[in-house]
Amino acid sequence: MLVFATETSCDETSICLMENSSIVEHITFSQEIHKIHGGVVPELASRSHLEKIQIMTNELFARKNIDPNEIDVFSATCGPGLIGSLLVGSTFTKSLAISFQKPFIPINHLEGHILSTSFNNDIKFPSVVLLLTGGHTQVYLMKDECNIELLGQSVDDAIGEAFDKTAKLIGLSYPGGAEIEREAMRGDENRFIIPKPLAKEKNFNFSFSGIKTHINILTKKNKIDKKFIQDLSASFQKNITEILIEKLDRGLERLNHDNIKVKSISVVGGVSNNKFIRKNLENFFSKKNIKIYYPLKEMMGDNAAMIAWACIKNYGKINSDLFFNPKPRLSV
Ligand code: ZN
């Protein structure tokens, strides 16, 4: 089965051609325009998708010498995300499906992330999925591939948002994740004590907005020099990692109590790129004898390959639907 998929839920324009379980071509364009604004500007994002998506698609078909008539299914992210951006990608992809008289499969962006590790791993169930992105911090339980249950999520800011907001407060550029990780390498992770909201509760809910307030106070009390930026980055990164581990530890204890013996965990989404978080999660889960999976590097951030893969995994379960309206809020 040859699938053409698009992903435009936020600030990446991504297209992918996938044949069964192999990526034929995958192109992702990250919009730079938001850097000067310190965060994604929705109107600029949708305009940029509109400028790029058709050019990128023509290039892909030309490069791979593909006749679009050969494509079996067209698929696009239809939520959650920025509505203007979702409309560009889904409308473009629907029009291709209409032109070539092929099915159009709407895909939930979160399901794309959740299923991304099954592309390159043989998942052992029951499995927990830790979704760490700029828009979401969620934990899911997968008893099997078709049975996905939300166990908990952030009640306010997403983890990636906490990285971006902290970076902005200490004068680092957007997106903040890579910047903080780089500065943290030379910092003293024990210099600042940062609160850990909800960390002691035996559930999978998170809260990150209070951390931002605390860091704002620290920036008022301290001189923002190189040393401060490095130490604060290191202390923040350590704090966030400890929150994840403490929450997972308590949450797993609860699942164990309910007789659910978790065999593996998938860490997905852009924040799963952070090496410090990875190393600490790996240490924690190896002690518990729980296998840890990551997606391919190109399937970590927002990307169309995970949408194509979710389309292939769901083929036959989701009907072709040219009238599916994209939704800014959409649960799994
Ligand atoms: Zn995402």
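Residues numbered from 1 in each chain as written. Predicted model: local features only at pLDDT ≥ 70, side-chain atom pairs only at ≥ 80, totals over all residues. Heavy atoms only, no water.

### With respect to the domain arrangement of the chain
Partitioning the chain into domains gives domain 1 (2–113 + 299–314) and domain 2 (122–294). Each of domain 1 and domain 2 has a C-alpha centre, and the two are 28 Å apart. Counting residues at the interface gives 13 residues for domain 1 and 16 residues for domain 2. Around 1100 Å² of area is buried between domain 1 and domain 2 when both sides are counted, 63% of it from carbon and sulfur atoms. Summed over the three residues of domain 1 that lose the most area to domain 2, namely Leu110, His113 and Met300, the buried surface amounts to 52% of that side. Applying the counting criterion to the domain 1 and domain 2 interface returns one salt bridge. For Glu145, the salt bridge is made with Lys313, and the minimal N-O distance between the two is 2.7 Å. Taken together, the links from domain 1 to domain 2 amount to two residue pairs in polar contact (both at pLDDT 80 or more). Across the side of domain 1 that touches domain 2, the residue classes break down as four nonpolar, six polar and three charged. (Domains from an automatic or database assignment. Contact = heavy atoms within 4.5 Å. Buried area = accessible area lost by both parts, 1.4 Å probe. Salt bridge = Lys/Arg side-chain N within 4 Å of Asp/Glu carboxyl O. Polar contact = N/O pair within 3.5 Å; in protein donor to acceptor, adjacent residues only side chain to side chain. Nonpolar A, V, L, I, M, F, W, Y, C, P; charged D, E, K, R; others polar.)

### Considerations on the sheet that holds strand S1 (residues 2–7)
Strand order in the open sheet formed by five strands is S3-S2-S1-S4-S5, and the pairing between neighbours is mixed. Bordering the open sheet on either side are strand S3 (22–30) and strand S5 (104–107), each of which pairs with just one other strand. Pairwise comparison of adjacent strand axes, ignoring direction, gives a mean angle of 15° for this sheet. Sheet analysis places S1 next to strand S4 (residues 73–77), joined by four bridges and oriented parallel. The partner of Thr6 across the bridge, within S4, is Ala76. Lying over the sheet, helix H2 (residues 83–99) contacts S1, S4 and S5, oriented at roughly 170° with respect to S4. (Pairing = 2+ DSSP bridges. Helix = DSSP H or I, 4+ residues; strand = E, 2+ residues; numbered from the N terminus. Axes fitted to C-alpha atoms, helices over the stretch in contact; angles between N-to-C directions.)

### A closer look at the pattern of salt bridges
When the charged atoms of two side chains lie near each other, side chains of opposite charge can form a pair. Counted under the stated rule, the structure contains 20 salt bridges. A salt bridge links Lys124 to Asp122; the shortest N-O distance between them is 3.4 Å. On the basis of relative accessibility, which here comes to 39%, the residue Lys124 falls in the partly exposed class. Of the charged contacts, one joins Lys212 and Asp157 as a salt bridge, the two residues approaching to 3.5 Å between their closest N and O atoms. With Lys212 in helix H6 (residues 209–221) and Asp157 in the loop between strand S8 (147–153) and helix H4 (159–169), this pair connects stretches of sequence that are 55 residues apart. With relative accessibility at 27%, the residue Lys212 sits in the partly exposed group. Judged by its relative accessible area of 8%, Asp157 is buried. (Buried < 20%, exposed > 50% of the residue type's maximum accessible area, 1.4 Å probe, protein only.)

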